[in-house]
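Analysis of the macromolecular model
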Amino acid sequence: MEAVELKLRTEQPADYRETENVTREAFWNLYSPGCCEHYLLHVMRDSPAFVPELDLVAEREDVAAEHLLGIFGNPIKHTLSPVIHDTLSDALGLSERYVPFCVKDEDLSRCVKLAYDEGVLGLNITVPHKQHVMESLVDVDIAAKTIGAVNTLVRVEGGYKGYNTDMPGLAKALETEGIALKDETVIMLGAGGAARAVAYMCVSYGAKQVYIVNRTYAHAQAIADDMNAFAGKAVVQAVASEDYKSIPEGKYLMIQCTSVGLHEGDGMPFDFGDAFYAMAKAGVDLIYNPAQTPFLKEMAKLGVPAVNGLKMLLYQGILAYELWNNLKVSEALTDKVYLALQDAIYGKKRGDNIVLIGYMGAGKTTVGKALAKKLGYEFIDTDLYIEAQEGMTIPDIFEKKGEAYFRALETDVIRKLREKTHCVIATGGGLPLRKENSDLLKEVGTVYYLMADADTTYARVKHCTNRPLLQCDDPYAKIQAMMKERGPVYARACHIRVRTDHGTLEEVMDEIK
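All figures in this text were calculated on a predicted structure; none of them were measured in a lab.

1. Focus: the overall build of the chain
In terms of regular secondary structure, the chain is built from 19 helices and 20 strands. In the chain, buried positions account for 52% of the 513 residues. Long-range pairs, those at least 24 residues apart, make up 72% of the contacts in the chain with a sequence separation of at least 6. Accessible surface, the chain: about 23100 Å² in total, of which carbon and sulfur atoms supply 49%.

Right under this line is the structure:
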């Protein structure tokens, strides 16, 4: 094999779509001709070591960019990382583009050096290179050293420094689901490479006890030994799969770390029966595609709240991007990236409407009307829709027919709105509280949770006389209590969160569309 060469080009490269044998001679023109020729890479004939997956690059051939990001792996064709990082760059107005490279193991060290020499801003590393790549780095973060794997390379003087964002990414994903690891008892299923990062996360975030169940006991014990040495005490215990009944009865956070469930026809990772899996008080499967694995289906059957690994993918990518660019990504932008990931993997399953949810006084009507006018959309207020349908006001419906009747009307309205297009829909504050309603809203359109703090909300609604739930002695205290109760529900019901207590109306609308 000829040596991989990285050359500068000032002339326009050949159109790669005219090149049939892309593994032998590939040009990619990620940047517009003449723009930042420094990054126009020419992969020489018979050198497949450093070849972009061209079908992923094709859509970006006319986009100018100043900086290159990428990922090394093999295979790499189906990576979703470009969705994360290009969505971030576009939203933040940064001139960066993210490209997947198929890199063979024997060429990894050379390609890392080439990337650094050519000024590549940052890289992700995926299978099978997460361990081997550490030999090519000038420094490795302590967490990555302990885990024994690197997934993110950050430019420093003289080379790249390696980090592992998988572990803090999963911790952040759990946090958004209301799962705290401090003093938690955990059962981990599997002891592969992913399990090592999960075990480190559990120990680092203060888990009280961790059991690693694996068919090969020695693999689980090796992780347990390393993590206990790191913790300075016995926190992690290896359990052979045939001895699973030795785990004390109780309620555990259960994390599925094996690859079982990736393929159609897969069963459970371990055939332990319902009684074992019923010990889970919450479940996490690191697999994100398919969205519902046998493990997650088992959790659902047992009534256990559980999530897949898509948010781990999201947050490890967010953390890497923050390291490369020395910035913080907002919650609203994180939500937009998450929605883009969901669309890329599972397909878009919602209408083109904009749905606004949130507590009373969040600005749903004010923002909704202005946004509808700006976009040329129809504005629909579900409360007004119901009043027109029933021929009476909301307070009268509450008084004469009760809240349960009103909530049923809300569900009926959402079903009808699924047939609408090009609408901005403002919902009543209590509408998303029913899971049936929140599921239906995500079919109607993209759901935005408008957020404001208690002081702002009280200032906006304190003189309103048409708010039945605030007809009490201390409306401010009622607002605080209801916001605390409803906030997590709204967060789960939405696609994207947007604050309305900071910035102008125009700035809020820009966050939405």
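2. Section: the environment of Ile76
With respect to the helices and strands, Ile76 occurs in the loop between strand S4 (67-73) and helix H2 (81-92). On the basis of relative accessibility, which here comes to 3%, the residue Ile76 falls in the buried class. Residues Ile76 and Val103 lie 27 residues apart in sequence; the distance between their C-alpha atoms is 8.6 Å.

3. Focus: the packing of helix H17 (residues 454-461) against helix H18 (residues 475-493)
One way to put it is that H17 packs onto H18 with a least axis distance of 10 Å and a crossing angle of 130°. Viewed along their axes, H17 and H18 adopt a mutual orientation that is oblique. Considering the relative orientation of H17 and H18, their crossing is right-handed. Across the interface between the two elements, Ala454, Asp455, Thr457, Tyr458 and Val461 from H17 touch Pro475, Tyr476, Ile479, Gln480 and Met483 from H18. Per-class residue counts for the contact of H17 with H18 are seven nonpolar, two polar and one charged.

4. Some remarks on the confidence of the model for the chain
Taken residue by residue, the chain gives an average pLDDT of 85. The fraction at 70 or more is 86%. For the stretch residues 1-63, pLDDT sits under 50, and the model shows 142 contacts to residues farther than four places along the chain or on other chains.

5. A short note on the packing of aromatic side chains
If you walk through the whole model with that rule in mind, you get 14 aromatic pairs. Here the aromatic rings of Tyr116 and Tyr160 are separated by 5.3 Å at their centres, their planes lie at 85°, and the arrangement is edge-to-face. Placement of the pair is Tyr116 in helix H3 (residues 108-117) and Tyr160 in strand S9 (residues 159-163), with a sequence separation of 44 residues. A single burial state applies to Tyr116 and to Tyr160, both of which are buried. In this structure an aromatic cluster arises from ring pairing among Tyr244, Phe270, Phe272, Phe276, Tyr277 and Phe295. Positioned over the ring face of Tyr116 is Arg155, at 3.9 Å from the centre of the ring.

6. Overview of helix H10 (residues 310-325)
The terminal C-alpha atoms of H10 lie 23 Å apart, and with 16 residues this matches the ideal 22 Å at 1.5 Å per residue to within 8%. Burial of H10 is extensive: 14 of the 16 residues sit out of reach of the surface. Phi turns positive, to about 55°, at Asn326, one or two residues after H10.

7. A short note on the sheet that holds strand S14 (residues 280-285)
Sheet architecture is open: six strands sit in the order S12-S11-S10-S13-S14-S15, paired in parallel fashion. This sheet does not close on itself; its edge strands, each paired only once, are strand S12 (236-240) and strand S15 (306-307). Contacting strand S10 (185-189), strand S11 (209-214), S12 and strand S13 (252-256), helix H6 (residues 193-204) runs over the sheet at an angle of about 175° to S10.

8. Quick notes on the pattern of salt bridges
Per the stated rule, a full pass over the model turns up 26 salt bridges. A salt bridge links Glu175 to Lys172, with the nearest nitrogen and oxygen atoms 3.3 Å apart. One end of the pair is Glu175 and the other is Lys172, both in helix H5 (residues 166-176) and three residues apart, which spans about a single turn. Taking the relative accessible area as the measure of exposure, Lys172 reaches 31% and is therefore partly exposed. For Arg497, the salt bridge identified is with Asp335, shortest N-O distance 2.8 Å. With Arg497 in strand S20 (residues 496-499) and Asp335 in helix H11 (residues 331-346), this pair connects stretches of sequence that are 162 residues apart. The network of salt bridges with shared partners includes Asp274, Glu298 and Lys301.

9. As for H3
Among the residues of H3, Leu108, Cys111, Val112, Leu114, Ala115 and Tyr116 are the ones counted as buried. Buried positions along H3 lie against S4, strand S6 (122-125), strand S8 (152-156) and S9. Positioned one or two residues after H3, Gly119 has a phi angle of 85°, which is positive.

10. Quick look at the sheet that holds strand S16 (residues 353-357)
Note: strands within a sheet are paired through backbone hydrogen bonds, in either parallel or antiparallel orientation. What the five strands build is an open sheet, ordered S17-S18-S16-S19-S20; its pairing is parallel. What marks the edges here is a single partner per strand, and that holds for strand S17 (378-381) and S20. Ignoring which end each strand starts from, the neighbouring axes of this sheet average 25° apart. Note: S17 against strand S18 (residues 423-426), four bridges, orientation parallel. Counted as the bridge partner of Glu378 is Cys423 from S18.

11. Regarding the side chain of Thr185
By the element assignment, Thr185 lies in strand S10. Among the polar contacts listed, one links the side chain of Thr185 to the backbone oxygen of Lys251, at a separation of 3.2 Å. Aside from chain neighbours lying at most four places away, what touches Thr185 is Lys208, Gln209, Lys251, Tyr252 and Leu253.

12. Observations concerning the pairing of S12
The side chains of a regular strand alternate between the sheet's two faces. A large share of S12 lies buried, amounting to four of its five residues. Bridge count for S11 against S12 is five bridges, and the pairing is parallel. Its bridge partner being in S12, Val213 is matched across the sheet by Val239. Chirality of the crossover, the property in question, places the unit of S11, helix H7 (residues 217-231) and S12 among those that are right-handed.

13. Concerning the nonpolar core
Met201 and Ile255 are the most contacted members of the largest nonpolar core, which has 37 residues in total. Sequence-distant contacts of Ile255, that is, excluding residues within four places in its chain, are made with Val186, Ile187, Met188, Leu189, Val198, Met201, Cys202, Val284 and Leu286. If you look at the next biggest cluster of nonpolar residues, it comprises 31 residues, including Ile414, Leu441, Tyr449 and Tyr490.

Definitions and cut-offs
- Each chain has its residues counted from 1, running along the sequence as written.
- With pLDDT at 70 or above as the cut-off, local features in this predicted model cover only qualifying residues; side-chain atom pairs require 80 or more to be listed or tallied, and sums for whole chains, interfaces and linings still use all residues.
- By convention in this description, side-chain values take in all heavy atoms of the structure and omit both hydrogens and water.
- Each helix is a run of DSSP H or I of at least 4 residues and each strand a run of E of at least 2, with the numbering of both proceeding from the N terminus.
- Buried means the residue's accessible area, taken with a 1.4 Å probe over protein chains only, is under 20% of the maximum for its type, while exposed means over 50%, and partly exposed covers the values in between.
- In this analysis, two residues are considered to be in contact whenever any of their non-hydrogen atoms come within 4.5 Å of each other.
- The Shrake-Rupley method, run with a 1.4 Å probe sphere, supplies the accessible areas, and residue values consider only the shown protein chains as cover.
- The axes are straight lines fitted to the C-alpha atoms, using for helices just the contacting stretch, and the angles between their N-to-C directions are given from 0 to 180°.
- Roughly parallel refers to an angle under 35 degrees, roughly antiparallel to one over 145, roughly perpendicular to one between 65 and 115, and oblique to any angle outside these ranges.
- For any helix crossing, the convention is left-handed if the near helix is rotated counterclockwise from the far helix by under a right angle, and right-handed if that rotation is clockwise.
- In this count, Pro and Cys sit with the nonpolar residues alongside Ala, Val, Leu, Ile, Met, Phe, Trp and Tyr, while Asp, Glu, Lys and Arg are called charged and the others, Gly among them, polar.
- For every residue, the predictor assigns a confidence score, pLDDT, that lies between 0 and 100.
- Between 30 and 60 degrees the pair is tilted, below 30 it is stacked and above 60 it is edge-to-face, where a pair is any two Phe, Tyr or Trp rings, Trp via its six-membered ring, whose centres lie within 6.5 Å.
- Should the NZ of a Lys or the CZ of an Arg lie within 6 Å of a ring centre and within 35 degrees of the ring normal, that charge is described as sitting over the ring.
- Expected span, for any helix, means 1.5 Å times one less than how many residues it has.
- In this description, strands pair whenever DSSP reports at least two bridges between them.
- The term salt bridge refers to a side-chain nitrogen of Lys or Arg lying within 4 Å of a carboxyl oxygen of Asp or Glu.
- Whenever two N or O atoms come within 3.5 Å, that pair is a polar contact, provided that in protein one can donate a hydrogen and the other can accept it, and provided that, for residues adjacent in sequence, both atoms are side-chain atoms.
- For the handedness criterion, the strands are oriented away from the viewer, and a crossover whose path from the first strand over the helix to the second runs clockwise is classed as right-handed.
- Here, nonpolar core means buried Ala, Val, Leu, Ile, Met, Phe, Trp, Tyr and Cys residues that are tied together by side-chain atoms lying within 4.5 Å of each other.

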